Amino acid sequence: MRREHTVPEYGFFLSCEEYQPADLLRQARMAEQAGFTRLAISDHYHPWTDAQGSSPFVWSMIGALSEATDLPVTTLVTCPTVRVNPAIIAQAAATSAVLTHGRFRLGVGTGEALNEHILGDVWPDFRIRAEMLDEAVRVMRQLFSGRAVFHEGKHYTVRDAKLYTLPLQPPPVYVSAFGPKAAELAGRIGDGLITMKPNRQTIDVFRGAGGVGKPVIGGLKACVDSDRQRAVETVRRLWASEVLPGELGRVLPSMSHFEQASTLVGDEAVAKEFPCGDDPGVHLEAIDAYEKAGFDEIYIGSVGPRYEDFFEFYADRILPRAGAAAMAGSGAG
């Protein structure tokens, strides 16, 4: 069973792996001026490769964003299981919701070895990570209630913990999924689904597992450049890691491993995965795949140093047409 189609919103994705804090804040302001209505921001300890070259602490960034813009903010995504205890993530999320006047959502997922193994913890297989995420979400929801929490679980112990800085409503918890098992978990425990590919099957599993009526969000990265080949080369240099197949993105433990694996990714694979250049049709076609799959919010991130060109291009040539196409497709007048 699928959710009735709605006209999607278009948000901007802030990539902490590629841009320093000052650039991210500037992008957030430019996104609001360009007509994007939401922000999403990544939460990792490392970039995927040295070439990306950045990794600010997401909770500091959200505090700064709350003063820089009025747009809602969602983490895409936080892992509240290994590197940071869910009781701490609950406090960070609650404070973020207060600072943003209730416009914060906590996106969570089972994480990647690259970011979560840094304290020497064993990196579990997916089944264990899913168990941990399930329990972590339960712990955080208990803390969002404002009551003192005593939790003795399989993976976490929380004793006499109570949050004193809380928003009027608990922040929604959206769960990331890349396959059917994770989509089923998201349907059971999440207030919404995060999935980065326009895969209708993943959404259907989510709906069937309890996700009917809940939002689906995700998106893509794009490189705007008058020279399409230069755009493709920019993306391959910075984001070839996103084209790696299967579970590699979840299990490779170091940037050097991602760099080695990324040498197998060619220009053709990059051009197929990312809209590159300044042909509006290429960008609109990529966005349209998410609209047709039934996404409620589509986040687009800019790749490379020419992000001023990205915002001008999307403000003038993409967002007006994407919104009009979505309205026509929904039957809205």
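The coordinates are above.
Residues numbered from 1 in each chain as written. Predicted model: local features only at pLDDT ≥ 70, side-chain atom pairs only at ≥ 80, totals over all residues. Heavy atoms only, no water.

This brings us to the sheet that holds strand S8 (residues 192–194). Working definition: the strands of a sheet are paired by backbone hydrogen bonds and lie parallel or antiparallel to each other. Read around the closed barrel, eight strands run S1-S2-S3-S4-S7-S8-S9-S10, paired in parallel fashion. Put simply, the sheet's adjacent strands are angled 30° from each other on average, direction ignored. As paired strands, S8 and strand S9 (residues 216–222) are joined by two bridges and run parallel to one another. Of the residues in S9, the one forming a bridge with Ile 194 is Ile 217. (Pairing = 2+ DSSP bridges. Helix = DSSP H or I, 4+ residues; strand = E, 2+ residues; numbered from the N terminus. Axes fitted to C-alpha atoms, helices over the stretch in contact; angles between N-to-C directions.)

Among all positions in helix H6 (residues 180–189), only Ala 182, Ala 183, Leu 185, Ala 186, Gly 187 and Ile 189 are buried. Against the buried residues of H6 lie helix H5 (126–144), strand S7 (173–176), S8 and helix H7 (200–211). (Buried < 20%, exposed > 50% of the residue type's maximum accessible area, 1.4 Å probe, protein only. Contact = heavy atoms within 4.5 Å.)

Turning our attention to the pattern of salt bridges. Within the structure shown, the criterion is met by 20 salt bridges. One salt bridge in this structure joins Arg 159 and Glu 152, with 3.8 Å as the shortest N-O distance. The exposure classification of Arg 159 matches that of Glu 152, with both residues exposed. The salt bridge involving Asp 225 is made with Arg 230; its shortest N-O contact spans 2.7 Å. Assessed through its relative accessible area of 3%, Asp 225 is described here as buried. Taken together, the shared-partner salt bridges connect Glu 9, Arg 38, Arg 105 and Glu 297 into one network. (Salt bridge = Lys/Arg side-chain N within 4 Å of Asp/Glu carboxyl O.)

What follows deals with the environment of Pro 21. Summarising the element assignment, Pro 21 is placed in helix H1 (residues 21–34). Aside from chain neighbours lying at most four places away, what touches Pro 21 is Pro 56 and Met 61.

Here we take up the packing of H1 against helix H2 (residues 58–68). When two helices pack together, you describe them by how their axes are tilted relative to each other and by the distance separating the axes. The contact between H1 and H2 brings their axes to 10 Å, and the two run at 35°. Every pair of crossing elements has a handedness; the one defined by H1 and H2 is right-handed. Only Met 61, Ala 64, Leu 65 and Ala 68 of H2 make contact with H1, whose side of the interface consists of Pro 21, Leu 24, Leu 25, Ala 28 and Arg 29. Along the lines of polarity and charge, the residues of the contact of H1 with H2 split into eight nonpolar, no polar and one charged. (Left-handed = near helix turned anticlockwise from the far one by under 90°. Nonpolar A, V, L, I, M, F, W, Y, C, P; charged D, E, K, R; others polar.)

Right, let's get into the nonpolar core. Membership of the largest hydrophobic core comes to 74 residues, with the highest contact counts inside it found for Phe 36, Ile 300 and Tyr 314. The dominant element in this core, judged by the number of residues it contributes, is helix H13 (residues 307–330), at eight residues. When neighbours within four sequence positions are excluded, Phe 36 is seen to be in contact with Tyr 10, Gly 11, Phe 12, Ala 31, Leu 71, Ile 300, Phe 310, Phe 311, Tyr 314 and Leu 319. The next biggest cluster of nonpolar side chains, apart from the first, holds 18 residues, and it includes Trp 48, Leu 114, Phe 258 and Val 270. (Core = buried A, V, L, I, M, F, W, Y, C linked by side-chain atoms within 4.5 Å.)

This next bit is on the side chain of Gln 27. Considering the arrangement of structural elements, one finds Gln 27 in helix H1. For Gln 27, a relative accessible area of 0% corresponds to the buried category. Setting aside residues up to four positions removed in sequence, Gln 27 forms contacts with Phe 12, Leu 14, Tyr 19, Tyr 307 and Phe 311.

Glancing now at the pairing of strand S10 (residues 297–302). For a regular strand, the rule is simple: side chains alternate between the two faces of the sheet. The buried fraction of S10 amounts to six of the six residues, a majority that puts the element mostly inside the structure. Of the two faces of S10, the one lined by Glu 297, Tyr 299 and Gly 301 and the one lined by Ile 298, Ile 300 and Ser 302 are each fully buried. Direction of pairing for S9 relative to S10: parallel, over a ladder of six bridges. Looking at S10, one finds that Leu 220 is bridged to Ile 300.

Of note, the bond from Leu 76 into Val 77 is cis; its omega dihedral lies within 30 degrees of zero at -20°. Structurally, the position occupied by Val 77 is in the loop between strand S3 (73–75) and helix H3 (86–99). Positive phi, normally seen in glycine, also occurs at Asp 160, with a value near 50°. Among the secondary structure elements, Asp 160 is positioned in strand S6 (residues 157–161). Asp 160 gets classed as exposed once you look at its relative accessible area, which sits at 67%.

Bringing the environment of Phe 274 into the picture now. Looking at where Phe 274 falls in the secondary structure, it is placed in the loop between helix H11 (267–273) and helix H12 (280–293). When the C-alpha atoms of Phe 274 and Ala 148 are compared, they prove to be 47 Å apart, with 126 residues separating the residues in sequence.

The end-to-end C-alpha distance of H7 is 13 Å, clearly below the 16 Å that 12 residues give at a rise of 1.5 Å each. Taken together, the buried positions of H7 are Thr 202, Ile 203, Phe 206, Arg 207, Ala 209 and Gly 211. Two to three positions downstream of the cap, the backbone nitrogen of Gln 201 sits 2.8 Å from a side-chain oxygen, assigning the N-cap of H7 to Asn 199. Phi for Gly 213, located one or two positions after H7, is positive at around 85°. (Expected span 1.5 Å × (residues − 1). Polar contact = N/O pair within 3.5 Å; in protein donor to acceptor, adjacent residues only side chain to side chain.)

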